[in-house]
There are 2 protein chains.
Amino acid sequence: MSDKHVYFFGDGKAEGNASMKNLLGGKGANLAEMNLIGVPVPAGFTITTEVCTVYNDKGRDYTVDLIKSEVEAKIKETEEAMNAKFGSKGEAFPLLLSVRSGARVSMPGMMNTVLNLGMNDETVKLVAEKSGNERFAWDSYRRFIQMYGDVVMGVEAEDGKHDPFEIEIDKLKEAKGYELDTEFTPEDLKTLVEKFKKVVHDRTGDDFPTNPWDQLWGAVCAVFDSWNTERAIYYRQMHQIPAEWGTAVNVQAMVYGNMGKNSATGVAFTRDAATGEDIFNGEYLIDAQGEDVVAGVRTPQEITVEGSRRWAKRAGVSEDDRKAKYPSLEEAMPEIYKELDATQQKLEDHYSDMQDLEFTIQDGKLWILQTRNGKRTGSAMVRMAVEMLDQGMIDEKTALLRQEADKLDELLHPVFEKKALESATVITKGLPASPGAATGRVVFFANDAEEWKNRGEEVVLVRQETSPEDLKGMHVANGILTARGGMTSHAAVVARGMGKCCVSGAGDVRVDYEGRTFKVGDRVVKEGDWISLNGSTGEVYEDKVATVNPELSGNFAKIMELAEKYTKMYVRTNADTPHDAQVARDFGAKGIGLCRTEHMFFEGERIIAVREMILAEDEEGRRKALAKLLPMQREDFEGILEAMDGFGVTIRLLDPPLHEFTPNDEASQEEMAKELGVPADVVKSKVESLHEFNPMLGHRGCRLGNTYPEITEMQARAILEAAVNLKKKGKDPRPEIMVPLIGTVEELKLQKEIIDRIANKVFEEKGESIDYLVGTMIEIPRAALTADKVAEVAEFFSFGTNDLTQMTYGYSRDDAGKFLPIYLNKGILKNDPFQVLDQEGVGQLVQMGTEKGRSSNAKLKVGICGEHGGEPSSVKFCGTVNMDYVSCSPFRVPIARLAAAQSAIELDK
Amino acid sequence: MSDKHVYFFGDGKAEGNASMKNLLGGKGANLAEMNLIGVPVPAGFTITTEVCTVYNDKGRDYTVDLIKSEVEAKIKETEEAMNAKFGSKGEAFPLLLSVRSGARVSMPGMMNTVLNLGMNDETVKLVAEKSGNERFAWDSYRRFIQMYGDVVMGVEAEDGKHDPFEIEIDKLKEAKGYELDTEFTPEDLKTLVEKFKKVVHDRTGDDFPTNPWDQLWGAVCAVFDSWNTERAIYYRQMHQIPAEWGTAVNVQAMVYGNMGKNSATGVAFTRDAATGEDIFNGEYLIDAQGEDVVAGVRTPQEITVEGSRRWAKRAGVSEDDRKAKYPSLEEAMPEIYKELDATQQKLEDHYSDMQDLEFTIQDGKLWILQTRNGKRTGSAMVRMAVEMLDQGMIDEKTALLRQEADKLDELLHPVFEKKALESATVITKGLPASPGAATGRVVFFANDAEEWKNRGEEVVLVRQETSPEDLKGMHVANGILTARGGMTSHAAVVARGMGKCCVSGAGDVRVDYEGRTFKVGDRVVKEGDWISLNGSTGEVYEDKVATVNPELSGNFAKIMELAEKYTKMYVRTNADTPHDAQVARDFGAKGIGLCRTEHMFFEGERIIAVREMILAEDEEGRRKALAKLLPMQREDFEGILEAMDGFGVTIRLLDPPLHEFTPNDEASQEEMAKELGVPADVVKSKVESLHEFNPMLGHRGCRLGNTYPEITEMQARAILEAAVNLKKKGKDPRPEIMVPLIGTVEELKLQKEIIDRIANKVFEEKGESIDYLVGTMIEIPRAALTADKVAEVAEFFSFGTNDLTQMTYGYSRDDAGKFLPIYLNKGILKNDPFQVLDQEGVGQLVQMGTEKGRSSNAKLKVGICGEHGGEPSSVKFCGTVNMDYVSCSPFRVPIARLAAAQSAIELDK
């Protein structure tokens, strides 16, 4: 531990700098840095984090002794810099201080702060006198007592409900007949100060300290103490922050924007946070405190003339009125404005990013209170990065790293017009299942959706929940709303796949299919009524709300170009139709990572043939039914392989259990029996025999192909014939046949034998051959555990992290809704593992599977095709385990491309 | 590779010995060894396994050249030893040879054999002449052509159905009007030889080789070739036998027991294979071939006088008749008998185990053809080991290692009387779900079982399948028969737990509950009819079949004592009642590894309180219902803790999903509503809301305790109050509270906090405290993957390998019956992983979990409580990962104790 414990900053000088975060904490290091680059920051000093450790080890007296003389010296420097006097007896303006915590990393709201320190019965009068604002002085004093009493002296609500200070305030308001705190007169505030002091004495047995030095030591120690409160410890555990780090204490001069017409306060942005445009902008108020700007009681004024004129135009204020009543800072205080403008330039240059800064003008002097990287919209994020890159402020890698993948999503979907939204009425809220904005007329049945769409209507499909039979209806609808189901319900997964807006699990919605209405509380929405959905927030609006479409060229294209340059993984898409494949290709997908053949099984004639196969009593019967499916499947595959010509297309063999293709209710069973010309009993008893207690762990995946090899034969033939046909047309089809749900290498071996046998037959029959791969989905824990064996047979692995998560956690996606919300709420889980890949557990299997697989097969191609393939943190994880590619739904392709590039850059560091 | 390729044996000499298995193969090394210890074995020689490799690399000509002169020399030695001449022209008896494969490890039936080699048109006449048995000579010749034609010359059935040699035989039989082969006269056989030669010529284009040397080289090469047949390769892959090992070839003189009254053949055992008694015994036939002894056409005679007398008594044959018609070998050929007796002694001493030997007496000379360790019954196995130990033949470890754990099971359950079984009629066969024999009158309902039992009837409960509601009925029944469900169905698991005979999944059984009958085909069995079950074989018998009870003292006790001495792991039991705990304790269990509290929830009043809790709308309602359960649970725990006084008792908190406690059919729901005094609708909608798609992956285990902490509170209180009460009575209760279905350490942490809090409360209230542990079941893959974290909180791990297997494989136990049989049949799986722990996959998680757990908590106690805890190979695996204990159902305790001891001994090697 060093001998120096306290670091001064102020007046363009500082003993610390930005690199000293560990010693001075984040805030302290930043305050020092700003001073060094000439930003006018109120002076003060930082007590180091090392002192916190001493405090925890040796206690208060030892610590105060240790740093006392240093603190006294730094107070003196602060007084000089601020031209004020701590505990002034009238010789100067009283120096009032803020005392704040400041750890290495931000722990917002976790530790204590004291403001207005230095106030007592004498200084309050000086402040009143020198500021010419008695009310302000006494209000600051009473706030100080209240805050200090709470934080330092431990005055707490006795019954856990009513703060004793607030009780006094309420009493006085009642006695005076006031509604608002702002009605208090200076005299009232003086009364309150006396009452507050009494509260402190009554509660603690001690007098409120009048000596500013006593106040200061009390506050400093209280900040140190707050490092070890229960909530701070809990927060540290949650975020893995070591207790040894400790917190620094920042003591800084207070400045006030409400000390007359020569004072002001405001916020400013170095660029436009909404559009990204490179213009300085912001708002301010004269003779006001920061909270006044936020509170909205007074109309804030613009900082620049240009901004002010734009505002006036929007608000319908004449130029004369504007100048007179709402002048810009540029006009009202031109010198200060010039200094502020220079400062914002300096800050943006220094931090190489858009800054959001708070400033106060106290009696004609500009002070910067805070600067930080500004929040921004998705499109602003993209524009700023591209322009800063052009301006030479940042390099390409920084431009890429500064993109928040999730925010990019905003750019890929329609959004509601901001103005239209202002007057829209929210009727309920569900889960933001698939982003974007959609508006249309309510229909309740997939058939109706198609029908209405065919006659030119825009529709939103509203369902209790969706099932594979609703696919076509979902496809034609502008959006989907379901009453049940989570973020990974059928509706949600399929909608994301289609890039279609969806709100799922809107629990308040009661669907009445018979009456063709849905209710939310007392509100009834009928078939044909317009509604609008915000799939990014989960909000559901009454009526039609206007939307705007996304713009994907320009800056967005530039960012994607950069991503392409730096990425190591490539991105594929999960697509079951040529259309989806094309959409994804336009977004930059290089192949298909998952084509689910069973989605093709539901349409028209096909489902009949599928059911015929299921009902067949023997292999011969099954083969007969499969022969009907063959040409249809072949056609599907030709379409998809053609859409992805030249890129690999991973086609998964039949995966779901057969009972998914049979109806459950008796009426539909009878219909099915009629269609197939068999007695209804036969259908019923077949459906019963297919019933499973835990279908997720049942007769599905390659277990089907291994019990009914003829299914695999038909599918392999359809794929390979399609590919050969395309090759004959001069195309370059690259099928990769994926065997699902492998748990032992023997399962794969038997399936591969079938596929290779059929391939040889097809090539012989057609007199033409193509290259193809046979691989497997790694989605069963045992497959990952024995991946070295599996890779001796597999030519590629695709991690099916949806199922892998289900089995690694033992959570059924369909049922987890009963406890997942509680688990997230109690902090048992940090994220829904179906949305964000669990790197600790499931990720361990992914890594093990990848490493073991490559250990026995160096040429093994490895990718991921679970939902996680489009989630940024999960994509980055895939980068760390050196996957070849990730695959995601078409509309997530740009996000995955970005995350993949970021992963490569971060790993390269 | 050495210069010596061929090793002679014969006449008390041998160039090889028992240690040369790798070079000479198992059989070759053994033949050499027997010669060395003075056993009269027909002479011959072994061509080494190295030659097989040369053959595979360099082909036939090179190989024959390499070993030709050596083989010729060894043939000479063989001729001398056997006093015969290979290819004799009359100067001596013709030397006939057998040519057999012999790899390092036995590959039964996988490779080729040729017998009677050396026969041709000349030697056949010499054999006929010298043996005085023309028929024998020609029959041997035609057999030789048939075998050689098939194995060496590749004469195969053309259409894959009819062996061309057999066709000739059938033709001749038809022409002659014969029924049996034995009716052929020597002339017929001569005809057949000619026809066979023609078949060979027609099929192969070659003449059948008449030169014995050509025959020999053909046969030797054919044996080498058979190393690489498809079935041999498949077998090697299945058993992980490297192709490089190769096979040796054993060429040995043939001897014949059917060369007149001075010849004989027989089998003998050095001890009694059925009882284990130390008496020499066996059977023989004069002037016969080995197959005659087995065929049962002639009545075999006993070898010893004592055995012969016992036989005569049983068969009702007078002593005079016996002596005249069925004399013992001891009487018929006293000198030979003496030599045989001395030889069997020598062999048993040499191999230190009971031998099963085949011998032939050719013209007054004894030859031993084969000796091997004899198969034996479970009780013989125990008795032999204990007696051999007493006799100083083997040491304690060998005695233990020689116990087959599964065979020990025979000793623990009643079995059918052998005699009674002979006249019993099998009506169907199911799975051998829980071993033992049972007989009783058929009932179809659990209630009836209780009622009938109360009035003194013996019953067998027959069900479509069982559910937890049948528990009491299962308990009182002598046995259980179900039509559905596999080896791990409810009925099977529960029955094994009770040590109760059970046959499950008897698919032919059609239960008609209404008619109170079951059908198998046309046979109808009515309520009240007697049936008998063999739970060890799955057979179901008509009527009452007499049973005998097991005897567990004496030799069995001695083996258990030895197990205790050498074991490192101890054995606990899975028990839910004081009775089961006591049974297990009597079998040597040291504690309970799994006490399932939910089994207690079904009885009487309890289920009402449980359902009340489920229906409760809020925590308060749940607490009210739980308060009713508390005293009952406490009483249960007192009973169990007392029965296991002084040993640890692991009690698992509530595990199954709540819907297991509610009825599914409407009638029962209405009844439940009435009982609880709520509208039927409330029950119905609650049941609906509890429905899960995949209950195995649903809202169960600690997910219940973490959503309804009050359940955990009640159970923790019941356990701890029970323990404190017992301590006050001077007992030594040692509860270990187990939190089920942990996937993340946070789940355990929250549950442990509750348990510890309740413990402190209880100890304070009672003024007494006890030691207890809190740990968890490791049954979710993620728990094993993150076991280091989990062990920071857990004081013990218990591997729940049932669920762990389900999730690691993604197999639902309840549904896997649809594909597991096919998977076992196709060789995708070698064992049912629910019966035999999958060491490769699931075992990897068990090992990882154990190692990671101990890495962060050195004191962690580790055990297993899945069904595998009673399966010998799985128990041994638990030994290799250094578990502290295994836990199994009471009746498997001795088996687990034995396997644990064997594991320790094997690991110690």
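The residue numbers shown here count from 1 along each chain, following its written sequence. For this description, chains carry letters from A and ligands carry numbers from 1, given in the order in which they are written. In view of the model being predicted, local features appear only for residues whose pLDDT reaches at least 70, and side-chain atom pairs are presented and counted only at 80 or more, with totals across whole chains, interfaces and linings using the full set of residues. Side-chain calculation: all heavy atoms of the structure are included, whereas hydrogens and water are not.

Peer 1: Explanation requested: the sheet that holds strand β20 (residues 517-520) of chain B in the structure shown.
Peer 2: In sheet architecture, strand pairing relies on hydrogen bonds along the backbone and comes in two forms, parallel and antiparallel. Residues and elements named next belong to chain B. Strand order in the open sheet formed by three strands is β19-β20-β21, with antiparallel pairing between adjacent strands. Two strands lie at the open edges of the sheet, namely β19 (509-512) and β21 (523-526), each paired on one side alone. Neighbour-to-neighbour, the strand axes of the sheet open up by a mean angle of 25°, direction not taken into account. In short, DSSP must find at least two bridges between two strands for them to pair. Labels follow the DSSP assignment, with helices taken as runs of H or I lasting at least four residues and strands as runs of E lasting at least two, numbered in each case from the N terminus. Helix axes are fitted only over the stretch in contact, all axes being lines through C-alpha atoms; the angle between N-to-C directions runs from 0 to 180 degrees.

Peer 1: Looking at this structure, I do not really get the interface of chain A and chain B. What am I missing?
Peer 2: Many analyses report the size of an interface as the accessible area lost when the parts associate. On the chain B side, the residues contacting the 50 residues of chain A number 50 residues. Accessible area, probed at 1.4 Å, shrinks when two parts are joined; the buried area is that loss added up over both. Interface area, chain A with chain B, both sides summed: about 4400 Å², of which 56% is carbon and sulfur. Considering only the side of chain A, the residues that lose the most area to chain B are A:Leu697, A:Arg782 and A:Lys818, jointly responsible for 15% of the buried surface there. With its nearest N and O atoms 3.2 Å apart, the salt bridge here joins A:Glu840 to B:Arg782. Think of a polar contact as two N or O atoms within 3.5 Å of one another; within protein, one of them needs to be a possible hydrogen donor and the other a possible acceptor, and neighboring residues in sequence only count if both atoms come from side chains. Connecting chain A to chain B are 36 residue pairs in polar contact (both at pLDDT 80 or more). At the level of elements, α27 (680-690), α28 (702-707), α30 (745-766), α31 (781-785), α33 (801-809), α34 (820-825) and α35 (842-856) of chain A are the ones that each hand at least two residues to the side of chain A that touches chain B. By definition, residues are in contact when any of their heavy atoms lie within 4.5 Å. Criterion for a salt bridge: a side-chain nitrogen of Lys or Arg within 4 Å of a carboxyl oxygen of Asp or Glu.

Peer 1: Would you mind going over the sheet that holds strand β10 (residues 355-362) of chain B with me for this structure?
Peer 2: All names here are of chain B. Taking strand neighbours across the sheet as the criterion, the five strands line up as β9-β8-β7-β10-β11 in an open arrangement whose pairing is antiparallel. With one partner strand each, in any of the chains shown, β9 (301-302) and β11 (365-373) form the two edges of the open sheet. Sheet topology places strand β7 (residues 264-269) next to strand β8 (residues 281-286); six bridges connect them, and they run antiparallel. Paired with Val 267 across the strands is Glu 283, a residue of β8. Set on the sheet, helix α14 (residues 334-351) makes contact with β10 and β11; between it and β11 the angle comes to about 25°.

Peer 1: Please clarify how the UniProt feature "domain: PEP-utilising enzyme C-terminal" (unreviewed entry) in chain A should be interpreted in this entry.
Peer 2: UniProt tags residues 553-903 of chain A as "domain: PEP-utilising enzyme C-terminal" (unreviewed entry). Taken end to end, residues 553-903 of chain A is 54% helix and 11% strand, and its first and last C-alpha atoms sit 24 Å apart. UniProt positions are given in the numbering used here, feature names are shortened, and annotations may be inferred rather than shown by experiment.

Peer 1: Help me understand the relation of the copies chain A and chain B, please; the structure alone is not making it clear to me.
Peer 2: Copy one and copy two of the chain differ by a rotation about an axis and a translation along that axis. To superpose the copies, least squares is applied to the C-alpha atoms of every residue with a pLDDT of at least 70 in both. Overlay of chain A on chain B (RMSD 0.2 Å): rotation 180°, translation along the axis 0.0 Å. Accordingly, the operation relating the two chain copies is best matched by a two-fold axis. The C-alpha atom lying nearest the rotation axis in chain A is that of A:Asn694; the distance is 2.1 Å.

Peer 1: When you look at the pattern of salt bridges in this model, what are you seeing that I'm missing?
Peer 2: Opposite charge on two side chains makes pairing possible when the charged atoms of those side chains draw close. Taken as a whole and judged by the stated rule, the model has 131 salt bridges over all chains. Two residues, B:Arg757 and B:Glu713, come together in a salt bridge whose shortest N-O distance is 3.3 Å. Pair noted here: B:Arg757 is in helix α30 (residues 745-766) and B:Glu713 is in helix α29 (residues 709-728), with a separation of 44 residues, a long-range link. A simple rule labels every residue: compare its accessible area, found with a 1.4 Å probe on the protein chains alone, to the largest value its type can have, and call it buried under 20%, exposed over 50%, or partly exposed in between. Using a relative accessible area of 38% as the deciding quantity, one classes B:Arg757 as partly exposed. By relative accessible area, B:Glu713 is classed as buried at 13%. Residues participating in the shared-partner salt-bridge network are A:Glu598, A:Arg652, A:Asp655, A:Arg700 and A:Asp803.

Peer 1: Which parts of the structure should I look at to understand the environment of B:Thr776?
Peer 2: Residues and elements named next belong to chain B. Topologically, Thr 776 is positioned in strand β29 (residues 773-778). A C-alpha to C-alpha distance of 60 Å links Thr 776 and Asp 341, two positions 435 residues apart in sequence. Once residues lying within four places of it in the same chain are set aside, the contact partners of Thr 776 are Met 738, Val 739, Ile 742, Leu 748, Val 790, Ala 794, Phe 796, Phe 797 and Ser 798. Of note is the side chain of Thr 776, whose polar atom sits 2.8 Å from the backbone oxygen of Val 739.

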